[in-house]
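# Notes for the structure review
One letter stands for each residue in the lines below.
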Amino acid sequence: MRFIVLSLACGIFTISSASADHELKIVQQWKVVNSGIKVEKYRVILSAEEWEAEWKQVHSRSFPTPDVPKVDFAKQMVLAFHVGAKRTGGYSVEIRRIEKLHDQLKVHVADKKPDGDVVSQALTAPSCFALIQRQDMKVIFIRDQK
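Described below are features of the structure shown in this document. (Residues numbered from 1 in each chain as written. Predicted model: local features only at pLDDT ≥ 70, side-chain atom pairs only at ≥ 80, totals over all residues. Heavy atoms only, no water.)

### Concerning the overall build of the protein
Across its full length, the protein carries one helix and nine strands. Secondary structure elements of the protein, listed N to C terminal, follow the sequence β-β-β-β-α-β-β-β-β-β. Here the protein, with 146 residues, has 44% of them falling under the buried criterion. A separation of at least 24 residues holds for 81% of the contacts in the protein among residues at least 6 apart in sequence. For the protein, the computed accessible surface area is about 8000 Å², with 51% contributed by carbon and sulfur atoms. (Helix = DSSP H or I, 4+ residues; strand = E, 2+ residues; numbered from the N terminus. Buried < 20%, exposed > 50% of the residue type's maximum accessible area, 1.4 Å probe, protein only. Contact = heavy atoms within 4.5 Å. Areas by Shrake-Rupley, 256 points an atom, 1.4 Å probe, with all protein chains shown as cover.)

Now the structure itself:
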């Protein structure tokens, strides 16, 4: 499965949900503030082996490592967005919405940066996962400004 990442500035380009064939429901979403993944990365996870490896890498800084959530990969898939290492707290990430548009799955992701907030002075690496119904189509990650 191929995927493309687009970074969009707010107001320059938007995709209207009215143009989408339909919006997919996020069954469950998991967020981690201090992931073991230190580089920006987007993933489409289609197997239990990939899921377990990704979950363990994300939680490599957590003790004990939380159990890997159960996913039925015959019917479901997991999307992942890792923003990479940040020098302070106050960052967060989310998978905002997922649109099925013709033969593509458009995954809208966003990251929040601290904006004058009082934040912890510690390294962080926000990550998030979204569980959705399995789709057999090209996945495009679109980075929206939050």
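From this point, things continue past the structure.
### Quick look at the side chain of His 82
Looking at the secondary structure, you find His 82 in strand E5 (residues 76-82). In this structure His 82 comes out as buried when scored by relative accessible area, which is 0%. A distance of 2.7 Å separates a polar atom in the side chain of His 82 from a polar atom in the side chain of Ser 127. Excluding its chain neighbours within four sequence positions, the residues that come into contact with His 82 are Ser 35, Ile 37, Val 39, Glu 40, Lys 41, Glu 54, Val 58, Pro 126, Ser 127 and Phe 129. (Polar contact = N/O pair within 3.5 Å; in protein donor to acceptor, adjacent residues only side chain to side chain.)

### Digging into helix H1 (residues 48-58)
Looking only at H1, the buried set comprises Trp 51, Glu 54, Trp 55 and Val 58. Buried residues along H1 cover an arc of 100° about the axis, so they all sit on one side. (Arc of directions from axis to C-beta.)

### Some details on the environment of Ser 62
Relative to the assigned elements, Ser 62 resides in the loop between H1 and E5. Using a relative accessible area of 22% as the deciding quantity, one classes Ser 62 as partly exposed. Sequence separation between Ser 62 and Gly 36 is 26 residues, and the spatial gap between their C-alpha atoms is 8.7 Å.

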